[in-house]
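# Geometric and topological summary
One letter stands for each residue in the lines below.
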Amino acid sequence: MAGVRGTWRPAVVMRKILMISPEKCTGCRTCELACSFVKTDVFNPKVSRITVFAFDEAAVSVPMTCMQCDTPYCMKVCPTSAISKTEDGVVKVNGEKCIGCKLCIAACPLGNITLSTVEGKIVKCDLCGGEPKCAEFCPTGAIEFKEVSPNVLERKKAIARKFKELLGEAKE
């Protein structure tokens, strides 16, 4: 562009992620209720895009939701390209393209995508358009929506290591 100094650079998209801190979770399931209400106008954990798992042996509860994977397997296996990833890293399902084959469900290594029998479609966390209600209404701060930074990523890895130590390796 003539007359413009400097080098053109694309706008930097600040990616944000959900940070889960299991040690702060009380198992109240407020996140499930907030999610279900925002998505379906009913308080029903069965239609929530987040699920709180209670691990009694380790005395810990862990909210689990879509990790918005860097390389989403659900997207790779979708035969209709109904699953895509936005510029800001959100993995989304296009309900109009989805044929309900459930390959995405089988491909998700964490089980964070599901077929809602209430809604009759594939559902997963879409971060509520950048304002995740699970984080907003979590009374203990166990779920936070944070900008990705080296510190945040290191904290996420540390929590994963601690969780692995608490629960041990999966046995076949």
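This text follows the structure it describes.
None of these values were measured; they are calculated from a predicted model.

### Re the overall build of the protein chain
The helix and strand tally for the protein chain stands at five helices and eight strands. Taken from N to C terminus, the helices and strands of the protein chain fall in the order β-α-β-β-α-β-β-α-β-β-α-β-α. Long-range contacts, defined as pairs at least 24 residues apart, comprise 54% of the intrachain contacts of the protein chain with a sequence gap of at least 6. Carbon and sulfur atoms form 55% of the exposed surface of the protein chain, whose accessible area is close to 11200 Å².

### Thoughts on the side chain of Ser-116
Mapped onto the elements of the fold, Ser-116 is located in strand S6 (residues 113–116). The contacts of Ser-116, once residues within four sequence positions are left out, are Val-47, Lys-121 and Val-123.

### Thoughts on the pairing of strand S1 (residues 16–20)
Summarising burial for S1: four of the five residues are buried, a large majority. Where S1 and strand S8 (residues 143–147) come together, five bridges link them in antiparallel fashion. What sits directly across from Leu-18, in S8, is Phe-145.

### Overview of unusual backbone geometry
Non-glycine residue Asp-41 carries a positive phi angle of around 65°. Its place among the elements puts Asp-41 in the loop between helix H1 (30–40) and strand S2 (51–55). Given the relative accessible area of 61%, Asp-41 is considered exposed. Even without being glycine, Cys-128 reaches a positive phi, approximately 50°. Within the element layout of this structure, Cys-128 appears in the loop between strand S7 (121–124) and helix H4 (133–137).

### Focus on the pattern of salt bridges
Opposite charge on two side chains allows them to pair when their charged atoms are near. Summed over all chains, the structure comprises six salt bridges. Arg-29 serves as the salt-bridge partner of Glu-32, at 2.4 Å between the closest nitrogen and oxygen. Arg-29 sits in the partly exposed class, given a relative accessible area of 39%. Two residues, Glu-136 and Lys-133, come together in a salt bridge whose shortest N-O distance is 3.0 Å. Linking Glu-136 with Lys-133, this pair stays in helix H4, spanning three residues, or about one helical turn. Judged by its relative accessible area of 19%, Lys-133 falls in the buried class.

Criteria and thresholds
Residues numbered from 1 in each chain as written. Predicted model: local features only at pLDDT ≥ 70, side-chain atom pairs only at ≥ 80, totals over all residues. Heavy atoms only, no water. Helix = DSSP H or I, 4+ residues; strand = E, 2+ residues; numbered from the N terminus. Contact = heavy atoms within 4.5 Å. Areas by Shrake-Rupley, 256 points an atom, 1.4 Å probe, with all protein chains shown as cover. Buried < 20%, exposed > 50% of the residue type's maximum accessible area, 1.4 Å probe, protein only. Pairing = 2+ DSSP bridges. Salt bridge = Lys/Arg side-chain N within 4 Å of Asp/Glu carboxyl O.

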